[in-house]
Amino acid sequence: MTILVTGATGSVGRLLVDELVAAGAPVRALTANPVRAALPEGVEVARGYLGKPATLPAALAGVDTVYLAPLPAYVDDFVRCARDAGVRRVVVLSGEPAEYEAQGDPASWHYYRLERAIEAGGFTWTFLRPGQFMTNTLGWAPSIKAEGVVRAPFGNAVQTPIDLADIAAVARVVLLSERYDGAKIAMSGPEAITPPEQVAHIAAAIGKEVRFEEQTPDEYLAALAPAVGLETAQWLLDGFRMMAEWPMKPEPAVLELTGRPAVTYAEWARANADAFR
């Protein structure tokens, strides 16, 4: 039966399409821009977007299993359309904060809103819960290029960032096997690492000295809030604070499900060195 990959032009979805094609699985890719997606030959293209529910019935027709990209504002529309189309299984790209969100105000739910809606919809489900993406640190590139410096709060925050390709590989395994139905799979990179240690790996990868300067919380908010808004900046700051107080520990899911070690941050930095040069 056909697998629909939503967000097929997105950071994880596009990698997942390649994973499924390599495995010989029948794939339909939901994308608003097929040309930009540059999808592999043989992939069925459904033009559409989760944020435009009118495009979903045609995309879901004849689909048994869906990989659902995270767009909580439209999850109820997806549930309605997927149930009407007879979709049986949904693998959700959720996030590590889902369990924490569940303890708070429903108005603040993001990932947990996705999970609740899919459970309530009666589908067979699996929730993928990665933590921070290694690609988040691409945001350091401008200051590295201009000044050879990274500024961030809580230099002692211990994170376990994951490579997007590892998320896609785990998603492929889960989509092609019903062994993980009903599982909430926490995912991470293979190591616990602090921002200064990440900066050191970038410096080694580009062969240039890069220093880490720890910001105060107020400095961080003043720098970031104009770009993303105070509420989002505060949420990010709180995340760094929590990782400083409660260091994260690596999860073994990538190795256990794919049979190969997860990508280390040093490997990722070397592969993406040009972005920081």
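1. Observations regarding the pattern of salt bridges
This model, assessed by the stated rule, comprises 15 salt bridges. The closest approach of N and O atoms between Glu213 and Arg151, which form a salt bridge, is 3.1 Å. Note that Glu213 is positioned in strand β9 (residues 211-215) and Arg151 in strand β7 (residues 149-153), a separation of 62 residues in sequence. Relative accessible area serves as the criterion here: at 28%, Glu213 is assigned to the partly exposed category. Note on Arg151: relative accessible area 34%, which makes it partly exposed. For Asp166, the salt bridge is made with Arg260, and the minimal N-O distance between the two is 2.7 Å. Residue Asp166 is located in helix α8 (residues 164-175), and its partner Arg260 is located in the loop between α12 (253-258) and α13 (265-271); the two are separated by 94 residues in the primary sequence.

2. Focus: empty space enclosed by the protein
Unoccupied space between atoms shows up once a probe the size of one water molecule is rolled over them. A complete count under the given rule lists one cavity of 30 Å³ or more for this structure. Reported here for the largest cavity is a volume of approximately 40 Å³. Looking at side-chain class alone, the lining of the largest cavity contains nine nonpolar, no polar and no charged residues.

3. Describing the side chain of Arg28
With respect to the helices and strands, the residue Arg28 is situated in strand β2 (residues 27-31). A polar atom in the side chain of Arg28 sits 2.6 Å from the backbone oxygen of Ala59. A distance of 2.8 Å separates the side chain of Arg28 from the backbone oxygen of Ala61, its partner in a polar contact. Those residues within four positions of Arg28 in sequence are excluded, and the remaining contacts are Thr2, Ile3, Leu4, Val5, Glu44, Ala46, Ala58, Ala59, Leu60, Ala61 and Val63.

4. Considerations on the nonpolar core
One finds Val5 and Leu128 to be the most contacted residues of the largest nonpolar core, which totals 33 residues. Elements with a minimum of two residues in this core: β1 (2-5), α1 (13-22), β2, β5 (89-93), α8, β8 (184-187) and α12. With eight residues, α8 is the single largest residue contributor to this core. Discounting residues that sit within four places of it in the chain, Val5 has contacts with Gly13, Leu16, Val17, Leu20, Val27, Arg28, Ala29, Leu30 and Tyr67. In this structure, Ala46, Leu114, Ile118 and Phe123 belong to the second largest nonpolar core, which totals 25 residues.

5. Section: the packing of helix α4 (residues 75-85) against helix α6 (residues 111-120)
Their axes nearest at 10 Å, the elements α4 and α6 cross at an angle of 25°. Taken together, the axis directions place α4 and α6 in an arrangement best described as roughly parallel. For the crossing formed where α4 meets α6, the hand is right-handed. Side by side, α4 and α6 meet where Val75, Asp76, Phe78 and Val79 of the first sit next to Arg113, Leu114, Ala117 and Ile118 of the second. By residue class, the composition of the contact of α4 with α6 is six nonpolar, no polar and two charged.

6. Let's talk about a nonpolar patch on the surface
A surface patch of nonpolar side chains, about 390 Å² in accessible area, is lined by Tyr100, Met242 and Trp246. Along the chain, the position of Trp246 falls in the loop between α11 (230-245) and α12. Note on Trp246: relative accessible area 58%, which makes it exposed.

7. Some words on the sheet that holds β8
Here we have seven strands laid out as an open sheet, ordered β3-β2-β1-β4-β5-β6-β8, and parallel in their pairing. The two strands at the open ends of the sheet, each matched to only one other strand, are β3 (44-47) and β8. Shown here is a sheet whose adjacent strand axes are inclined to one another by a mean of 20°, direction ignored. In this sheet, β3 lies alongside β2 in parallel orientation, the contact comprising four bridges. When the sheet's bridge partners are listed, Arg28 is paired in β3 with Glu44. Packed onto the sheet, α1 meets β1, β2 and β4 (63-68) and runs at close to 160° relative to β1.

Conventions used here
Residues numbered from 1 in each chain as written. Predicted model: local features only at pLDDT ≥ 70, side-chain atom pairs only at ≥ 80, totals over all residues. Heavy atoms only, no water. Salt bridge = Lys/Arg side-chain N within 4 Å of Asp/Glu carboxyl O. Helix = DSSP H or I, 4+ residues; strand = E, 2+ residues; numbered from the N terminus. Buried < 20%, exposed > 50% of the residue type's maximum accessible area, 1.4 Å probe, protein only. 1 Å grid on protein atoms, 1.4 Å probe; cavity = no way out; pocket = protein on both sides within 12 Å on 5 of 7 lines; lining within 4 Å. Points joined across faces, edges and corners; volume = space filled by probe spheres on them. Nonpolar A, V, L, I, M, F, W, Y, C, P; charged D, E, K, R; others polar. Polar contact = N/O pair within 3.5 Å; in protein donor to acceptor, adjacent residues only side chain to side chain. Contact = heavy atoms within 4.5 Å. Core = buried A, V, L, I, M, F, W, Y, C linked by side-chain atoms within 4.5 Å. Axes fitted to C-alpha atoms, helices over the stretch in contact; angles between N-to-C directions. Parallel < 35°, antiparallel > 145°, perpendicular 65-115°, else oblique. Left-handed = near helix turned anticlockwise from the far one by under 90°. Patch = residues over 30% accessible without salt bridge, like charges linked within 9 Å, V, L, I, M, F, W, Y side chains within 5 Å. Areas by Shrake-Rupley, 256 points an atom, 1.4 Å probe, with all protein chains shown as cover. Pairing = 2+ DSSP bridges.

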